[in-house]
Amino acid sequence: MNEKKLQRLFAAARKDAAPLPPDGFVPADFVADVLRQVRNEPAVGQPVPATIFDQLNALFPRLALAAAAVIILCIAADFGLTSAGLPELGDGAAQLSSQFDLNGDGL
Amino acid sequence: MSDDAELLQRIRAGAVDEFAELVRRHQSRVFAILHRYERDAQRVEDLAQETFLKAWRALGQFDARAPFEHWVSRIAVRTALDHLRREKKHRGDIGFDDLGEDALDWLQHGDDKSELDSRSAAEILNLALSRLSPADRIVITMQELDGRSVKEIAAALGVSGIAVRVRAVRARAKLRRALEQLAPEGK
């Protein structure tokens, strides 16, 4: 089927169903039926409380950025302190651990 | 008479009955959209009810950045899409035996200048479109029959404009193939 014939088909079909039919197209009791159903529904404007997962999902980009910022800050601080001649965080932990072991009364 | 925004404010404040006025204002448009995808009057009414019920449930999320009419139209299109998907599962392929003589004659012997009445054209298109996927069918119907822009279709389906353009080209090719198959089958 060539393009012109296809266009002719579309043009003829467009005339078949007008985009906005007259009001008589809608059943008379339609509004009442909708309203009846709506009355059985919860009130509008009161959003369903989000689950913890929904909230985490919503916060995801911010939480991920915050976590990345904390990691970068820690690395930078560790690097800065080491360059300044101060003991690394790992050294401090090792020292504490060895003191704890030697004391014997740590437990 | 108050506009949609005022009505919505009152509905949110608890005036449930005001929703009836909102339905009254937009029912013709919703019925017209659904009528493009379903010809059975009772089913169209059921789908229209489903559309307004969905609108009611989502009313808390409507931020009034776009007119209410556009928003409810989008819900109608998505309801139609869901309906076509359900139908496709249950109905499978449709044959072309139901085509009228005029429609068959035009398909088999007509050229681009031959006369075609609107009823026959709709018959042919409905049968050919039923062979397409629901999303392809929606894109073709909105673009070619409703005269909607790519932007409007993209907003209704919740996809990008590029996705709509790509789908439209492919859907058109599939429709052409379906129409070409139609003539020999009708013999």
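Residues numbered from 1 in each chain as written. Chains lettered and ligands numbered in written order. Predicted model: local features only at pLDDT ≥ 70, side-chain atom pairs only at ≥ 80, totals over all residues.

Caption draft 1: Up close: the overall build of chain B. Secondary structure assignment for chain B yields nine helices and zero strands. Listed by position from the N terminus, the elements making up chain B come as α-α-α-α-α-α-α-α-α. Restricting to contacts in chain B with at least 6 residues of sequence separation, those with at least 24 account for 64%. (Helix = DSSP H or I, 4+ residues; strand = E, 2+ residues; numbered from the N terminus. Contact = placed C-beta atoms within 7 Å.)

Caption draft 2: Broad picture of the overall build of chain A. Helix and strand counts for chain A stand at four helices and zero strands. Helices and strands appear in chain A in the N-to-C order α-α-α-α. Buried residues in chain A amount to 7% of all 107 residues. (Buried ≥ 20, exposed ≤ 12 C-beta atoms within 10 Å, placed from the backbone.)

Caption draft 3: Layout of the confidence of the model for chain A. For chain A, per-residue confidence averages 76 on the pLDDT scale, and residues scoring 70 or more make up 76% of the total. Here helix α4 (residues 89–103) of chain A stands out as the least confident element of chain A, with mean pLDDT 71; helix α2 (residues 30–39) of chain A is the most confident, with 89. (pLDDT = per-residue confidence, 0-100.)

Caption draft 4: Local environment of the nonpolar core. Residue and element names in this part refer to chain B. Ranked by size, the top nonpolar core spans 57 residues in total, and within it L34, A76, A80, A121, I124, L125 and A128 carry the most contacts. Top contributing element to this core by residue count: helix α2 (residues 19–35), with eight residues. The residues contacting A80, other than those within four sequence positions of it, are I33, L34, Y37, L47 and I138. (Core = buried A, V, L, I, M, F, W, Y, C linked by C-beta atoms within 7 Å.)

Caption draft 5: Region of interest: the interface of chain B and chain A. Taken together, the 41 residues of chain B in the interface contact 35 residues of chain A. Where the side of chain B that touches chain A is concerned, the elements lending two or more residues are α1 (4–12), α2, α3 (41–58), α6 (118–129), α7 (134–145) and α9 (161–186) of chain B. Examining the composition of the side of chain B that touches chain A, we find that 10 residues originate from one element, α2 of chain B, more than from any other.

Caption draft 6: Inspection of the environment of L22 of chain B at higher detail. Residue and element names in this part refer to chain B. Inspection of the secondary structure puts L22 in helix α2. Along the sequence, L22 and F68 sit 46 residues apart, while their C-alpha atoms lie 9.1 Å from each other. In contact with L22, other than residues within four places in its own chain, are D4 and L7.

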